[in-house]
Amino acid sequence: MPSARPGGAETHGPIWSEPGSLLERVPVAVLGIDEHDRVCYWGPGARDLFGYEPGAVLTRPGALLFADAARGTSASCARLTEQGRTQGYWRGRLTARHSDGTAFDCGFRSFSMTGSGPSVVMVLTSRSDELDRVKTNLAFLDALFETCPIGLVMVDEDLRYIHLNQALADMDGLPIQEHLGRRMDEIMIMSDGGEYERMVRAVARGGSPVVGTLVGVRPRGHPDRDQVRSVSFFPLSRAVGTHAGVGGLMIDVTDRERAILEATAARRRLALLDGASTRIGTTLDVNLTAQELVDASMPDFCDGSVVEIVEWMDETEDFDPGRPLFTRRIASGTTLPAPAVELVSGVEKVRYPPGSVIHDMLSTGRAISAVVDEEFLARTVVTESRTRIMGESGIACILVAPLIARGTVQGIAMFGRSAARPPFSEEDVSLAGELASRAAICLDNARLYSRVQDIALTLQRALLPTALAATPYVDVAHRYVPGSRITEVGGDWYDVINLPDGRVVLVVGDVMGHGVSAAAAMGYLRITTKALARHDGEPADLLTELDACAQEAGIELATCLYLVYDPRSGRARIASAGHPPPLVLRPDGTVWTVDEVLGVPLGVGGCPFRSTEIELPENATLALYTDGLIEARGRDIEVGLDALRERLGDHEQSLEDMADRILAGLLPEPPTDDTVLILARVHRDRQAP
């Protein structure tokens, strides 16, 4: 703060009043009195307080500033300077006088300033009413933060805690120090999609204050306790060293607003059910569906979960509560540390003795909850090691729900909570029953689908050749790759047939569609082709007859490539019913696409087939395949053909190695469709006339 000295020079005095300090709220006059009790320094605050310009007061007696001044002296001024010089520091209240003659009370501080020059007493003074106002305000704020039963908080623009009182710390269940510097979302667990935080941020950006808004919260210090709070927020000014942010008042009105808590809990349950509906049953895989149920239940509903399939001897078997129950665990998960992980995932086969909680649940057909105590462990857990692990896992209560679909108990779902959370309520039991009911339908659909898949796969394997016919004139490497479990069994088939006159037939086909019907149609066409091959020498004639048989059998769409190789002439006759063209790898490494063969698929009817003859040099390699090898989602079929030609061109390998390399390079992982590949290397009959 600039100080005026004798001679009119203004310099920085010994006392600075920096912006943002408390002095901006309490006007402070700064002045200096020399060893002769004359004014030697005069700050702007002194001018404002006493009404004198520097020229009117500098070098004059300090007595003129006090109400008891008489004949140029003042007992108040003498006391002020004497105490400052002798004690080094003094404070007290004296009556001052303004230049207009009015008297007013002031609080004074005096202290001695010594140096190389004469001794000076520096004086700081403010009006008593201003000091009393600030003291009252500070005392009120201190008392408010220390004793007010209402939660008080100050947060910055990033919603980090700056200041709070003990009432709010008690509400949150965390000490004051654990709040400071942390964001509100690190202290509160909200289920409103961020609405609470957006409301406070809007106030921080200068928006309108929020008054008496009711919110449902769950403090992290009380994770088992939902609260309803009446909250008010207002923007903080940037005054006196404060930061921009938000001030707030919070009142716990949980008891008064129990209905809001119940609605909050209901919304949580509905949200859990809604999320489970979208997450469970995304595939027709039993294990994945079970794991989706486990994942959907954590961490909102429980701390650990398992799904087990009941291993009935017969699906029509009635449940006997007097017999042990055997299950197979197919999904598990937990948010708790070891040994809870070992508890849920460390076993596959489970045996429950008669009288267990599982037996109680199956006897009623409804979900039940139980406390994990000595009685529960003795009734339900068989082995001592598992009893110990469960006791150390932290799981305090269990909820068991049956997985019932179409009148049959498919399995059980178990949910566990640690002691840090409240036990399962009746509403939780109902929620678990609803979760299990929805999951059971998805599991049963997956189970039935898997059964149909197994039937189709068994049928397909039974109808495909177990071993191909051997001939000295054709070396064959063949591969059949089924689609993944998420893809139904297709109708791809193949065969190698030796004809009585020494010729060799290579045939590959594909029935459009999937499942049992496609597998059955595939078997029908393969067997029919094998029978016709011994009687129809011309490939086009055979396809014509096979087309008629397909129409009679109700097969609407199937492709087939039929090739007859004669080792005496080295020539092959080919006919195609809408099948991808064969490729020929010549001994010099060039690849030839035999695209002269055309034709409509079997089952269409009304279109004639024709045969094409080609000559195959010694050691030429034929490649016959189905569309699963060259077609893929997002890839043009010509791109797949080019890739097959490129890999086929590497002829410095055995047929078996070549087949493996082609499949590894072209098939996606996992395969999206059934695939057949036949590589046939031809030889001449040198003894033929």
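Bear in mind the structure is a predicted one, so any value in this text is a computation, not a measurement.

Criteria and cut-off values
- Residues numbered from 1 in each chain as written.
- Predicted model: local features only at pLDDT ≥ 70, side-chain atom pairs only at ≥ 80, totals over all residues.
- Heavy atoms only, no water.
- Core = buried A, V, L, I, M, F, W, Y, C linked by side-chain atoms within 4.5 Å.
- Buried < 20%, exposed > 50% of the residue type's maximum accessible area, 1.4 Å probe, protein only.
- Helix = DSSP H or I, 4+ residues; strand = E, 2+ residues; numbered from the N terminus.
- Contact = heavy atoms within 4.5 Å.
- Axes fitted to C-alpha atoms, helices over the stretch in contact; angles between N-to-C directions.
- Left-handed = near helix turned anticlockwise from the far one by under 90°.
- Nonpolar A, V, L, I, M, F, W, Y, C, P; charged D, E, K, R; others polar.
- pLDDT = per-residue confidence, 0-100.

J.: An account of the nonpolar core is needed here, citing residue identities and associated values.
T.: Leu293, Phe301, Val307, Leu399, Leu403, Phe415 and Phe424 are the most contacted members of the largest nonpolar core, which totals 34 residues. Broken down by secondary-structure element, the contributors of at least two residues to this core are helix H9 (258-279), helix H10 (286-297), strand S14 (304-310), strand S15 (325-334), strand S18 (395-405), strand S19 (408-418) and helix H15 (426-463). Counting residues per element, this core draws most heavily on H15, at 9 residues. The residues contacting Val307, other than those within four sequence positions of it, are Ala290, Leu293, Val294, Arg328, Arg329, Ile330, Ala331, Leu403, Ile412 and Leu443. Leu343, Leu362, Ala370 and Ile395 belong to the second largest nonpolar core, which has 26 residues in total.

J.: Any chance you could break down the environment of Leu431 for me, citing the residues and the numbers?
T.: Along the chain, Leu431 turns up in helix H15. For the pair Leu431 and Ala401, spaced 30 residues apart in the sequence, the C-alpha separation amounts to 9.9 Å. Excluding anything up to four places from it in sequence, Leu431 contacts Arg269, Leu272, Leu273 and Phe301.

J.: Please set out the packing of helix H18 (residues 637-648) against helix H19 (residues 655-666) residue by residue, giving values where relevant.
T.: Direction vectors running N to C along H18 and H19 enclose 150°, while the axes themselves pass 10 Å from each other. Handedness of the H18/H19 crossing: right-handed. Taking contact as the criterion, the partners of Ala643, Leu644, Arg647 and Leu648 in H18 are, on H19, Met658, Arg661, Ile662, Gly665 and Leu666. Partitioned by chemical class, the residues of the contact of H18 with H19 number 6 nonpolar, 1 polar and 2 charged.

J.: Talk me through the confidence of the model for the chain; I want residue IDs and the actual numbers.
T.: When pLDDT is averaged along the chain, the result is 83, and 87% of the positions lie at 70 or above. Low pLDDT (under 50) marks residues 9-21, which in the prediction has 28 contacts with non-local residues, meaning those over four places away or in another chain.

J.: Describe unusual backbone geometry, listing the residues and the values that go with them.
T.: With omega at -5°, the peptide bond leading from Met298 into Pro299 counts as cis. The step from Ala338 to Pro339 runs through a cis peptide bond, and the omega angle for that step is 10°. One non-glycine residue, Asn619, adopts positive backbone phi at about 70°. Assignment of secondary structure puts Asn619 in the loop between strand S27 (612-615) and strand S28 (621-625). A relative accessible area of 36% means that Asn619 is categorised as partly exposed.

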